[in-house]
Amino acid sequence: MEHAEQLARVYGPTTWDLYAELDRSLAPRGPDWLLTKASEYLKPGDVVLDAGCRDAAHLIQLVRDNNVTGYGVDPVPLHIARAQEAVDAADLTGRIALQCTGMEEAPALGEQFDLVWCRDVLEQVADLPGALAGVSQVLKPAGHLLVFTQVATELLDAQDTALLGAHLGNVLSNLDPHTLETAFGQAGFAIEEKVVIGTEWREYAEERTQPVSRALLRLARLRRTRDQIVAVHGQDVYEHVEANLHWEVFQFLGKLAPTVDVLRRR
Ligand SMILES: C[S@@+](CC[C@H](N)C(=O)[O-])C[C@H]1O[C@@H](n2cnc3c(N)ncnc32)[C@H](O)[C@@H]1O
């Protein structure tokens, strides 16, 4: 095709029609989909563990929606303090217990669970086999472990990986789908169902509150004021924030694939 013809195609109606088509929502699933999924594995009176509960927002919803009782664990004291405030405010103090500990220590809770909810946590777990062994021990024989995590795709290149490596919380090896599935198997789990969420939750959020646009704007400002930021906050914090601001962008670009695994003990 001659270049003039190519230009005519670039500026022709077909191209603009495609852009218009891409402005229409594909009705993506949002994060509430995971709560609905969890409900498939819970009945009134059951006991759920939120492994890595942060502020207990999901645990509160799980307990309320399904008429169950719950435990939440998280190793960060500030998270547990906030979670306790939220549980008290939700008037669920008698139905939700919280413990400042890692999921590796779940057996110390002295409870057996119908469902372990583990959302966006395995990326940060230092001892993946230990963490999975911990929850495996506390799952009832017919119980389920519901994992939402991110795996690296073939689009994540070496430079991307090096950048993400500066994140202070994430453990890069846990993003490898093979490492993850091997760890599931070694902890005695079988994958009952796998759902690749891909870009859907990101599309859902972006259509509503534009968090990725905000991350990109923050990234531009971060890089433009690099020297001041490093001087005031330190190189490690600069690099951590730079890595973290790529997280959602990489999900959007398909370099990280958010994935749900429903696991049963073999
Ligand atoms: C990205 S946040 C996700 C929080 C929450 N599950 C959610 O989906 O909003 C990751 C959480 O995992 C917690 N975490 C890190 N290592 C953990 C471990 N070994 N056991 C349990 N939680 C852990 C962190 O403290 C943090 O609250």
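Residues numbered from 1 in each chain as written. Predicted model: local features only at pLDDT ≥ 70, side-chain atom pairs only at ≥ 80, totals over all residues. Heavy atoms only, no water.

You'll find the protein entered in an unreviewed UniProt entry as SAM-dependent methyltransferase, with Kribbella italica given as the organism.

Bringing the packing of aromatic side chains into the picture now. Taken as a whole and judged by the stated rule, the model has three aromatic pairs. Pairing W16 with Y19 gives two aromatic rings, centres 5.7 Å apart and planes at 45°, and the pair type is tilted. With a gap of three residues between them, W16 and Y19 both fall in helix α2 (residues 13–22), about one helical turn apart. For R208, the ring lying beneath its charged end belongs to Y204, and the centroid distance is 3.5 Å. (Phe/Tyr/Trp six-rings, centres within 6.5 Å; stacked < 30°, edge-to-face > 60°. Helix = DSSP H or I, 4+ residues; strand = E, 2+ residues; numbered from the N terminus. Lys NZ or Arg CZ within 6 Å of the ring centre and 35° of its normal.)

By nearness alone, 15 residues border the ligand, and G52, D74, M103, E104 and R119 come closest of all. Between a nitrogen atom of the ligand and a main-chain N or O atom of G52, the distance comes to 2.7 Å. Here H79 contributes a side-chain N or O atom positioned 3.0 Å from an oxygen atom of the ligand. Protein burial of the ligand: of its 590 Å² of free accessible surface, 90% is covered by the chains. Of the residues assigned to the shell around the ligand, the class counts are five nonpolar, five polar and five charged. (Near = heavy atom within 4 Å. Polar contact = N/O pair within 3.5 Å; in protein donor to acceptor, adjacent residues only side chain to side chain. Areas by Shrake-Rupley, 256 points an atom, 1.4 Å probe, with all protein chains shown as cover. Nonpolar A, V, L, I, M, F, W, Y, C, P; charged D, E, K, R; others polar.)

What follows deals with the sheet that holds strand β7 (residues 256–265). Paired through their backbone hydrogen bonds, the strands of a sheet run either parallel or antiparallel. Judged by pairing direction, the sheet is mixed, and its seven strands sit side by side in the order β3-β2-β1-β4-β5-β7-β6 without closing on themselves. Among the strands making up the open sheet, the edge pair consists of β3 (96–99) and β6 (189–196). Taking the axes of each pair of neighbouring strands and ignoring which way they run, one obtains an average angle of 20° across the sheet. Judged from the five bridges that link them, strand β1 (residues 47–51) and strand β2 (residues 69–73) form a sheet pairing that is parallel. Looking across to β2, one finds that V48 is bridged to G70. Packing against the sheet, helix α6 (residues 128–137) makes contact with β1, β4 (113–119), β5 (139–152), β6 and β7, and its axis sits at approximately 155° to β5. (Pairing = 2+ DSSP bridges. Axes fitted to C-alpha atoms, helices over the stretch in contact; angles between N-to-C directions. Contact = heavy atoms within 4.5 Å.)

Once that is clear, we can look at helix α3 (residues 32–39). If you check which residues of α3 are buried, you get L34, L35, K37 and A38. Projection of α3 onto a plane perpendicular to its axis shows the buried side chains occupying an angular sector of 160°, all on one side. Lining the buried residues of α3 we find α4 (57–66), β4, β5, β6, α9 (200–209) and β7. (Buried < 20%, exposed > 50% of the residue type's maximum accessible area, 1.4 Å probe, protein only. Arc of directions from axis to C-beta.)

A separate point is helix α10 (residues 211–224). Its 14 residues give α10 an end-to-end C-alpha distance of 20 Å, which sits within 8% of 20 Å, the value for a rise of 1.5 Å per residue. Of all the residues in α10, the buried ones are V212, A215, L219 and L222. For α10, the arc enclosing every buried residue in end-on projection is 75°, short of the 170-degree limit, so these residues lie on one face. The outward face of α10, more than 90 degrees from its buried face, is lined by the exposed residues R214, R221 and R224. Those residues of α10 hidden inside the fold are in contact with α9, α11 (226–233) and α12 (235–252). (Expected span 1.5 Å × (residues − 1).)

Locating A187 in the fold gives a position in the loop between α8 (177–186) and β6. Given a relative accessible area of 14%, A187 falls into the buried group. On a C-alpha basis, the gap between A187 and L132 in space is 5.9 Å, while along the polypeptide they are 55 residues apart. Leave out the neighbours within four places in its chain, and A187 touches L132, A133 and S136.

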